[in-house]
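Okay, here's what each chain looks like letter by letter:
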Amino acid sequence: MLILSRKLNESIIIGDDIEISIVDIKGDQVKIGINAPKNVKVFRKEVYDAIQEETGQQRALQSTLSRHWMIFLSKILNCG
């Protein structure tokens, strides 16, 4: 992990097209601005983690439903 110090109104550049700026500092809270292309998804980590968990649950549900559907079809096709 790279750790950098920045002051108010200073920035960090990532690659050629992502800029992270320190916009405000109040007590122990730092506000940052992120300037990135529209195709770059930017999330707070807790939001990203929730999305990943939900996506994993949806995949598990789809897998379970697919398995049940295949069993159901197999039973129908074998009975006919």
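Predicted model only: the values in this text are computed from it and were never measured. (Residues numbered from 1 in each chain as written. Predicted model: local features only at pLDDT ≥ 70, side-chain atom pairs only at ≥ 80, totals over all residues. Heavy atoms only, no water.)

Caption draft 1: Local environment of the pairing of strand β2 (residues 18-26). Examined bridge by bridge, strand β1 (residues 11-14) and β2 share four bridges and lie antiparallel to one another. Paired with Ile12 across the two strands is Ile20, which belongs to β2. The turn joining β1 and β2, which pair antiparallel and follow one another in sequence, is formed by three residues; a positive phi near 65° is taken by Gly15. Taken together, the seven bridges between β2 and strand β3 (residues 29-35) define a ladder with antiparallel strand orientation. From the neighbouring strand, Ile20 faces β3, where its bridge partner is Ile34. Turn length for the β2-β3 hairpin, with the two strands adjacent in sequence and antiparallel, is two residues, and the turn residue Gly27 shows positive phi of about 60°. (Pairing = 2+ DSSP bridges. Helix = DSSP H or I, 4+ residues; strand = E, 2+ residues; numbered from the N terminus.)

Caption draft 2: Structural detail: the sheet that holds β2. Pairing is antiparallel in the open sheet, where three strands are placed in the order β1-β2-β3. Lying at the two open borders of the sheet, with one neighbouring strand each, are β1 and β3. Put simply, the sheet's adjacent strands are angled 25° from each other on average, direction ignored. (Axes fitted to C-alpha atoms, helices over the stretch in contact; angles between N-to-C directions.)

Caption draft 3: Quick peek at the side chain of Ser21. Among the secondary structure elements, Ser21 is positioned in strand β2. Polar contacts involving the side chain of Ser21 include one to the side chain of Ser11, which spans 2.9 Å. Setting aside its immediate chain neighbours within four residues, Ser21 contacts Glu10, Ser11, Lys31, Ile32 and Gly33. (Polar contact = N/O pair within 3.5 Å; in protein donor to acceptor, adjacent residues only side chain to side chain. Contact = heavy atoms within 4.5 Å.)

Caption draft 4: Seen up close, the pattern of salt bridges. Counting across every chain of the model gives four salt bridges. Salt-bridge contacts for Asp24 lead to Lys26; the nearest nitrogen and oxygen are separated by 3.9 Å. Linking Glu46 and Arg44 is a salt bridge whose minimum nitrogen-to-oxygen distance equals 2.7 Å. Here Arg44 falls in the exposed class, since its relative accessible area comes to 55%. (Salt bridge = Lys/Arg side-chain N within 4 Å of Asp/Glu carboxyl O. Buried < 20%, exposed > 50% of the residue type's maximum accessible area, 1.4 Å probe, protein only.)

Caption draft 5: Up close: unusual backbone geometry. Here Asn9, not a glycine, exhibits a phi torsion of approximately 70°, which is positive. Its place among the elements puts Asn9 in the segment before β1. Accessibility expressed as a relative area gives 64% for Asn9, which makes it exposed.

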